[in-house]
There are 2 protein chains.
Amino acid sequence: MTDTGSTSPQAVTAGIVVIGDEILSGRTKDTNTGYICEYLTQIGVEAREVRVVPDVTAMIVEAIDTLRGRYTYVFTTGGIGPTHDDITADAVASAYGVGIDVDPRAVEMLRRRYPDAELTPARLRMARIPHGADLIENAVSGAPGFRIDNVFVMAGVPRVMQSMMDTIGPTLKTGSRIWSETVDTGMPEGRIAEPLGRIAQAHPDVQIGSYPHYDGKGFNTQIVLRGRDAEKLQAAKSDVVAAVEELAQSE
Amino acid sequence: MTDTGSTSPQAVTAGIVVIGDEILSGRTKDTNTGYICEYLTQIGVEAREVRVVPDVTAMIVEAIDTLRGRYTYVFTTGGIGPTHDDITADAVASAYGVGIDVDPRAVEMLRRRYPDAELTPARLRMARIPHGADLIENAVSGAPGFRIDNVFVMAGVPRVMQSMMDTIGPTLKTGSRIWSETVDTGMPEGRIAEPLGRIAQAHPDVQIGSYPHYDGKGFNTQIVLRGRDAEKLQAAKSDVVAAVEELAQSE
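Residues numbered from 1 in each chain as written. Chains lettered and ligands numbered in written order. Predicted model: local features only at pLDDT ≥ 70, side-chain atom pairs only at ≥ 80, totals over all residues. Heavy atoms only, no water.

The name given to chain A in an unreviewed UniProt entry is Molybdenum cofactor synthesis domain-containing protein, and the organism recorded there is Amorphus orientalis.

### Structural notes on the pairing of strand E8 (residues 151–154) of chain B
Along any regular strand, the residues point their side chains to alternate faces of the sheet. Residue and element names in this part refer to chain B. Judged by which residues are buried, E8 turns out to be covered on both faces: Val151 and Val153 on one side and Phe152 and Met154 on the other are all buried. Relative to E8, strand E3 (residues 73–77) runs parallel, the two sharing 4 bridges. Among the inter-strand pairings, phenylalanine 75 is bridged to a residue of E8, identified as phenylalanine 152. Summarising the sheet, strand E7 (residues 145–148) and E8 pair through 3 bridges and their orientation is antiparallel. Residue pairing for E8: phenylalanine 146 is matched across the bridge by valine 153. Connecting the antiparallel pair E7 and E8 is a turn made up of 2 residues, with aspartate 149 showing a positive phi of about 55°. (Buried < 20%, exposed > 50% of the residue type's maximum accessible area, 1.4 Å probe, protein only. Helix = DSSP H or I, 4+ residues; strand = E, 2+ residues; numbered from the N terminus. Pairing = 2+ DSSP bridges.)

### Re the nonpolar core
Core analysis: the largest hydrophobic core is formed by 126 residues, its most contacted members being Leu40(A), Phe75(A), Leu40(B), Phe75(B) and Phe146(B). Not counting residues up to four positions away in its chain, the partners in contact with Leu40(B) are Ala14(B), Val45(B), Ala47(B), Phe75(B), Met165(B) and Leu172(B). (Core = buried A, V, L, I, M, F, W, Y, C linked by side-chain atoms within 4.5 Å. Contact = heavy atoms within 4.5 Å.)

### Details of unusual backbone geometry
Phi angles above zero are rare outside glycine, and Asp149(A) is one such case at about 55°. Within the secondary structure layout, Asp149(A) lies in the loop between strand E7 (145–148) and strand E8 (151–154).

### Side note on the packing of helix H2 (residues 32–42) of chain A against helix H7 (residues 158–168) of chain A
Residue and element names in this part refer to chain A. Look at H2 against H7: their axes get within 11 Å of each other, and the N-to-C directions meet at 20°. Overall, the two elements H2 and H7 adopt an arrangement that is roughly parallel. H7 is crossed by H2, and the crossing has right-handed handedness. Facing H2, whose interface residues are Asn32, Tyr35, Ile36, Tyr39 and Leu40, H7 presents Pro158, Met161, Gln162, Met165 and Asp166. Here the contact of H2 with H7 is built from residues that sort into 7 nonpolar, 2 polar and 1 charged. (Axes fitted to C-alpha atoms, helices over the stretch in contact; angles between N-to-C directions. Parallel < 35°, antiparallel > 145°, perpendicular 65-115°, else oblique. Left-handed = near helix turned anticlockwise from the far one by under 90°. Nonpolar A, V, L, I, M, F, W, Y, C, P; charged D, E, K, R; others polar.)

And the structure:
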């Protein structure tokens, strides 16, 4: 889309940190990023950057510290389970320079969920929460996530993360709704590129993206227009449709 | 996995930069990261960090500049097509402080591929290559990627990226092969966490990851062990299997 490098004043922005060696080894294919990005777009929050980092404290801290200063919100997934490699909560406490302990509110959530289970040290590890954080309920498996300042710490298991996102969503400040329109061109990107560049220049408030894909026989291109002003969006879309029709006729 | 924060001396490492607003809006679900991570693991290269950035020059430059200093290799996907929002090649030239022009070798590749097509300014945009870069052949659609220093610049269309990766793979210096073993525990993570922590401490050269998943009825956990020394890996695996059997019997 257009390279403005800037974000409109009413924009609410987000960074995402995905934590886990299993993503970087390729063993687990990350679906959380796509889910969160789509969720945020729908409520008018712009995801601006994603970082995937291993289970290494220094790298988790670096990613969270950088993104929390840049964006309205930061969302993390992964590393809050009961095992030795779950170090996200400690890394977040370290990023904020606060202590971390087993939190009685989190213990209560685990007790309600597993009334007959023994709260072993491993299970209690999931109740370790940085001082000053608010808990995020986990409707699926009990062990909560948490929010500290503008950072939301969620589980990595997609179903659990999604339930936490549904809890978080309504609490977020959201930007004005971003509208989008899609035009299917039926032609490779190279044919439409020049008129598209002119249209992008003529409509600075509309982001115009061009997405080629290979459909097994050849290249086709979708044009996606996005913007906060529905009228301006429609005007840009009309220009794209007209350009596509003109090109199709000249074939 | 274990939080050593360090990489063994013989390790060959990689950072990945995924470029494109369409990923951050959630419209396109990125599958390139998972593909590249799995590919690299198979040839003994460790992916250590991924960044997803928008079509904004400053952010592409920042990501490439940081990662190229940290890791043996950097792989980028996206932003090398013919349209106004394809700014990756210019961003890479800017990161390296070199010029960029239409490259006769790239033009020749496009001509061979499309002997009857007019090389419009848009198509020629795909032949803009930073000075000093080597080209990466594109078996699918002709327009090449390129390598400059330790940075490999690939297309975003998965099929094209995969064909470029197959060209790049054999040219890479690779680390010693990383072996892996998986143990299916049949129990939630909380039950296995404590013995697993002890086993991880007893086998410092083996990375032990614990991956819970929800199978529709309850939580199950896979333990994945990874290491460069096959004997040490088997020893750690035996300990995990023994611990799982003991826990299963005590049920």
